[in-house]
Amino acid sequence: MNTKELDKKYVLPTYARADIEFVSGKNATLTDSEGKKYIDFTSGIGVVSVGHANERVNSSITQQISNITHISNLYNIAPQAKAAQKIVEASGYDMQCFFGNSGAEANEGAIKIARKYGEKDGEIKRYKIITLQHSFHGRTITTVKATGQESMHNYFGPFPDGFVYADDIAHIETLLDDHTAAVMIELVQGEGGVQPQDKEAVQNLEKLLKSKDILLIVDEVQTGGYRTGEFLASQVYGISPDIITLAKGIGGGVPIGVVMTSLKGVLGAGDHGSTFGGNYLSTAATCAVMDILKEAKESGELEETINYFNTELEKLFSENRDLFTQKVGIGMMCGLRVKDADTLNSIIANAKDNGVMVLKAGRNTLRFLPPLTITKEEIDEGFKNLKSAISSI
Ligand SMILES: Cc1ncc(COP(=O)(O)O)c(C=O)c1O
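Report on the accompanying structure. (Residues numbered from 1 in each chain as written. Predicted model: local features only at pLDDT ≥ 70, side-chain atom pairs only at ≥ 80, totals over all residues. Heavy atoms only, no water.)

Details of the overall build of the protein
The helix and strand inventory of the protein stands at 13 helices and 17 strands. Over its C-alpha atoms the protein spans a radius of gyration of 21 Å, differing by no more than 12% from the 21 Å that the globule rule assigns to 393 residues. Seen through its C-alpha atoms, the protein measures out along the principal axes to roughly 65 × 50 × 50 Å. Counting over 393 residues, the protein shows a buried share of 50%. For the protein, the proportion of contacts with a sequence separation of at least 24, taken over those separated by at least 6, is 71%. Carbon and sulfur atoms provide 50% of the accessible area of the protein, an area that totals close to 18100 Å². Side chains of the protein give 40 positive and 50 negative charges; the mean places of these two sets differ by 2 Å. (Helix = DSSP H or I, 4+ residues; strand = E, 2+ residues; numbered from the N terminus. Rg over C-alpha atoms; globule rule 2.2 N^0.38 Å. Buried < 20%, exposed > 50% of the residue type's maximum accessible area, 1.4 Å probe, protein only. Contact = heavy atoms within 4.5 Å. Areas by Shrake-Rupley, 256 points an atom, 1.4 Å probe, with all protein chains shown as cover. Lys, Arg positive; Asp, Glu negative; His and termini not counted. Charge placed at Lys NZ, Arg CZ, Asp CG, Glu CD.)

What follows is the structure, encoded as structure tokens:
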């Protein structure tokens, strides 16, 4: 049986998979099993932030696993401690990290910290978490419930209690009460349509929450790891959240999730844990990713790449105003609103045929999450392919 047949027979059908099998990649260029090349404007949904087959990440991983891959969190783990230092120092916040394996798991950790912080003398006092409509926080039972999209709550109940949905940032204030423990937001909603929040509204929310001792959790699973031009979108917005979650791009393709918080005393030994979280393999990868992206940031290379990509995207937008209604996003998390869902689906299908990978977000957004190390040549090639894809719409 070939891969497609094996998949059909043995893998649960939870994904609507495209019929392509990638066999190799180099930076932002992918090759499929038939030898066809594609420019990757998706980086595996914001994961392969330093490109496919990055030599520094590969060498960090292989050196590490030739010594030790896993022991357990009952012992000191050198790359975990170093990864935590690199993450905290890049953030500029006075925080500590807990390592898990995914974005959903990081958000579970954030919710646990907020709920424990909300207890008074061992009694449940503040437990409600306010999230936004159109948000996305993960696929576990709790993070599905934290996700403010009604369609995500169709099955799987009963869900944990205590999640409240606000229409937008301005609406949050009216929902706060004595039982509110935290507000959890994405600064740029990714799955919800590459929708950035208003900076002033977020800064005002931060002040309001601080005045009421309600925690601000920022889900940076998609925005984190220099995706918006700074290490964290929280830095772009000039805020200091109490809890931040990370995953995707900080592992360069190796599964990792991080919850970081300034509330260092809330969780004690035994309150939270993960067998695999932060093991030698994943944190060796994260150390290399953090070094590569810090250097790209400090040299100005990251900014140059972001500007070049956005200039090309802007050109595509202005040359095709009959298809696109708005350019959205921040940094390398950007998108074009497409006039309708059918047109968007045709663009994505044509793009694949023309050798460029792009994503959909929400109902009508063409989404771009390229590797942050993408070269100008790869950007040019990708937009050339995308223009061909669009010309036949
Ligand atoms: C903002 C945000 N939070 C959480 C998640 C869930 O992450 P994971 O799929 O690693 O569990 C995602 C995934 O797309 C996300 O974009």
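So, next bit.
Things to note about the layout of surface pockets
Here the second largest pocket is characterised by a volume of approximately 660 Å³. Lining the second largest pocket are 26 residues, and of these Q80, C97, F98, F99 and H272 sit closest to its centre. Residue assignment for the lining of the second largest pocket shows that the elements contributing at least two residues are α4 (78-91), β4 (96-100) and β12 (257-261). Ranked by residue count, the leading element in the lining of the second largest pocket is β4, at 4 residues. Its residues assigned to classes, the lining of the second largest pocket shows 13 nonpolar, 11 polar and 2 charged. (1 Å grid on protein atoms, 1.4 Å probe; cavity = no way out; pocket = protein on both sides within 12 Å on 5 of 7 lines; lining within 4 Å. Points joined across faces, edges and corners; volume = space filled by probe spheres on them. Nonpolar A, V, L, I, M, F, W, Y, C, P; charged D, E, K, R; others polar.)

Let's talk about the packing of helix α3 (residues 55-65) against helix α10 (residues 280-299)
Running from amino to carboxyl end, α3 crosses α10 at an angle of 150°, the nearest separation of the two axes being 8 Å. With respect to α10, the axis of α3 lies roughly antiparallel. As α3 packs across α10, the resulting crossing turns out to be right-handed. For the pair α3 and α10, the contacting residues are R56, V57, S60, I61, Q64 and I65 in the first and Y280, L281, A284, A285, A288, V289, D291, I292 and E295 in the second. Along the lines of polarity and charge, the residues of the contact of α3 with α10 split into 10 nonpolar, 2 polar and 3 charged. (Axes fitted to C-alpha atoms, helices over the stretch in contact; angles between N-to-C directions. Parallel < 35°, antiparallel > 145°, perpendicular 65-115°, else oblique. Left-handed = near helix turned anticlockwise from the far one by under 90°.)

Side note on the site of the ligand
Taken together, 13 residues are adjacent to the ligand, and G103, A104, D219, Q222 and K248 come closest. Taking 390 Å² as the accessible area of the ligand by itself, protein coverage stands at 82%. Split into classes, the residues belonging to the shell around the ligand amount to 3 nonpolar, 6 polar and 4 charged. (Near = heavy atom within 4 Å.)

Re empty space enclosed by the protein
The gaps of empty space that remain are located by a probe, the size of a water molecule, rolled over the atoms. Throughout the structure, instances matching the rule amount to 1 cavity of 30 Å³ or more. In this structure, the largest cavity encloses a volume near 30 Å³. What lines the largest cavity is simply G46, S49, V221, Q222, G224, G225, R227 and G249.

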